[in-house]
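# A look at the structure
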Amino acid sequence: MPRQPGLIRAAAAMLLALCGVPAAAQSCDPMIEADAESGVLDLHLRFPCAPYAPLEIRYGPLHLSEETGAQGAVRVSLPVLALDVPMTAEIGGETLEVGIPDDAEPGGFLWIVPESLQPGLLPVAGFPISAQPLPELAAYGQGAGPDHLDLEVTQANCGRKLSFAMLRSGWAAPRPVTLDLPGCDMAGTILRLPVPAQ
């Protein structure tokens, strides 16, 4: 049977495709998705060509340091602020604007920025890129949020000074808080810290 070079070349091309030879370069365009429900914003960012890259998210008074995952993606939940408050994401020296859904309704939140000791009053926000304490954030949607926070005296914080700034939705500016924690003989004690509504 005579050879058929055209068929041989076609079969070779198909074999190379099946072996994973890329037909086109991967797109590095970022993907940004933001969905809001009941005052809470679900933010999904993906940077296909930037795996394990530091990422800075700024949203009004909130500033989070994050790191993308193996696929260059990161997911963050944030309270919805006023619709005229801008949000940006900075990665690799590039700053991108993040759009908030037009129908998003502002929600309640508590935001804590510690100085040198992690308060442990709210869930930590961001990725531990350095040895510095992380900000703490709780979004309460359209609820009022708590009127107090409970702080446990532990062997790690006993006898130390705890300083942080606290911001609540509805406040004009963060408020400084400084506490001299009891000695280590009081480890296990729960301190109740009031959170003013106004």
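Now for a description of the structure that goes with this document. Keep in mind it's a predicted model, so treat the numbers as computed, not measured.

Cut-offs used in this document
Residues numbered from 1 in each chain as written. Predicted model: local features only at pLDDT ≥ 70, side-chain atom pairs only at ≥ 80, totals over all residues. Heavy atoms only, no water. Buried < 20%, exposed > 50% of the residue type's maximum accessible area, 1.4 Å probe, protein only. Helix = DSSP H or I, 4+ residues; strand = E, 2+ residues; numbered from the N terminus. Phe/Tyr/Trp six-rings, centres within 6.5 Å; stacked < 30°, edge-to-face > 60°. Lys NZ or Arg CZ within 6 Å of the ring centre and 35° of its normal. Lys, Arg positive; Asp, Glu negative; His and termini not counted. Salt bridge = Lys/Arg side-chain N within 4 Å of Asp/Glu carboxyl O. Polar contact = N/O pair within 3.5 Å; in protein donor to acceptor, adjacent residues only side chain to side chain. Contact = heavy atoms within 4.5 Å. Pairing = 2+ DSSP bridges. Axes fitted to C-alpha atoms, helices over the stretch in contact; angles between N-to-C directions. Disulfide = S-S within 2.5 Å.

What follows concerns unusual backbone geometry. Leaving glycine aside, a negative phi is the common case for residues, and trans is the common case for peptide bonds. The backbone of Ser 38 shows a phi angle near 55°, a positive value even though the residue is not glycine. Its relative accessible area of 47% is what places Ser 38 among the partly exposed residues. Not every positive phi belongs to a glycine, and Tyr 52 is a case in point at roughly 50°. By the secondary structure assignment, Tyr 52 is in the loop between β2 (40-46) and β3 (54-59).

Attention now goes to the packing of aromatic side chains. Here the structure, examined in full by the defined rule, presents 0 aromatic pairs. Positioned above the aromatic ring of Trp 171, the side-chain terminus of Arg 175 is 3.8 Å from the ring centre.

Here we take up the side chain of Glu 136. Along the polypeptide, Glu 136 turns up in strand β9 (residues 136-141). Within the buried set, Glu 136 has no salt-bridge partner at all; the shortest N-O distance to an opposite charge, 13 Å, is to Arg 160. Polar side-chain contacts of Glu 136 include one of 3.0 Å to the backbone nitrogen of Leu 122. Glu 136 has contacts with Leu 110, Trp 111, Ile 112, Gln 118, Pro 119, Gly 120, Leu 121, Leu 122, Pro 123, Val 124 and Ala 125, leaving out every residue within four places of it along the chain.

This next bit is on the sheet that holds strand β1 (residues 31-37). Here we have 3 strands laid out as an open sheet, ordered β1-β2-β5, and antiparallel in their pairing. Strands at the two margins of the open sheet, each flanked by one partner only, are β1 and β5 (73-79). Here the strands of the sheet are splayed against their neighbours by 15° on average, with no regard to which way each runs. In this sheet, β5 lies alongside β2 in antiparallel orientation, the contact comprising 7 bridges. Across the sheet, residue Arg 46 finds its bridge partner in β5, namely Ala 73.

Spatially, β9-β8-β11-β12 is the arrangement adopted by the 4 strands of the open sheet, whose pairing is antiparallel. Looking at the sheet topology across the chains shown, the edges are occupied by β9 and β12 (175-180). Each strand of the sheet is rotated relative to its neighbour by a mean of 20°, with strand direction disregarded. Pairing of strand β11 (residues 161-168) with β12, which is carried by 6 bridges, proceeds in the antiparallel orientation. Paired with Phe 164 across the strands is Val 177, a residue of β12.

A few words on the state of the cysteines. Across all of its chains, the model carries 2 disulfides by this definition. Two residues, Cys 28 and Cys 49, share a disulfide whose sulfurs are 1.9 Å apart. Note on the Cys 28 and Cys 49 pair: the S-S dihedral is about -80°, so by sign convention the disulfide is left-handed. In this pair, Cys 28 is assigned in the loop between α1 (5-18) and β1 and Cys 49 in the loop between β2 and β3, connecting sequence segments 21 residues apart. Residue classification places Cys 28 among the partly exposed positions, given a relative accessible area of 44%. Disulfide pairing is shown between Cys 158 and Cys 184; the S-S distance is 1.9 Å. Around the S-S axis, the bridge from Cys 158 to Cys 184 shows a dihedral of about 65° and counts as right-handed. Of this pair, Cys 158 sits in the loop between β10 (148-152) and β11 while Cys 184 is found in the loop between β12 and β13 (190-194), placing the two residues 26 residues apart along the sequence. Residue classification places Cys 158 among the buried residues on the basis of a relative accessible area of 6%.

Right, let's get into the side chain of Asn 157. As for its position among the elements, Asn 157 is in the loop between β10 and β11. Judged by relative accessible area, which is 10%, Asn 157 ranks as buried. For Asn 157, the side chain forms a polar contact with the main-chain oxygen of Glu 152, separated by 3.1 Å. Beyond its immediate stretch of four places on either side in the chain, Asn 157 contacts Leu 117, Leu 151, Glu 152 and Leu 181.

Without other data, these values stay purely geometric and don't point to any function.
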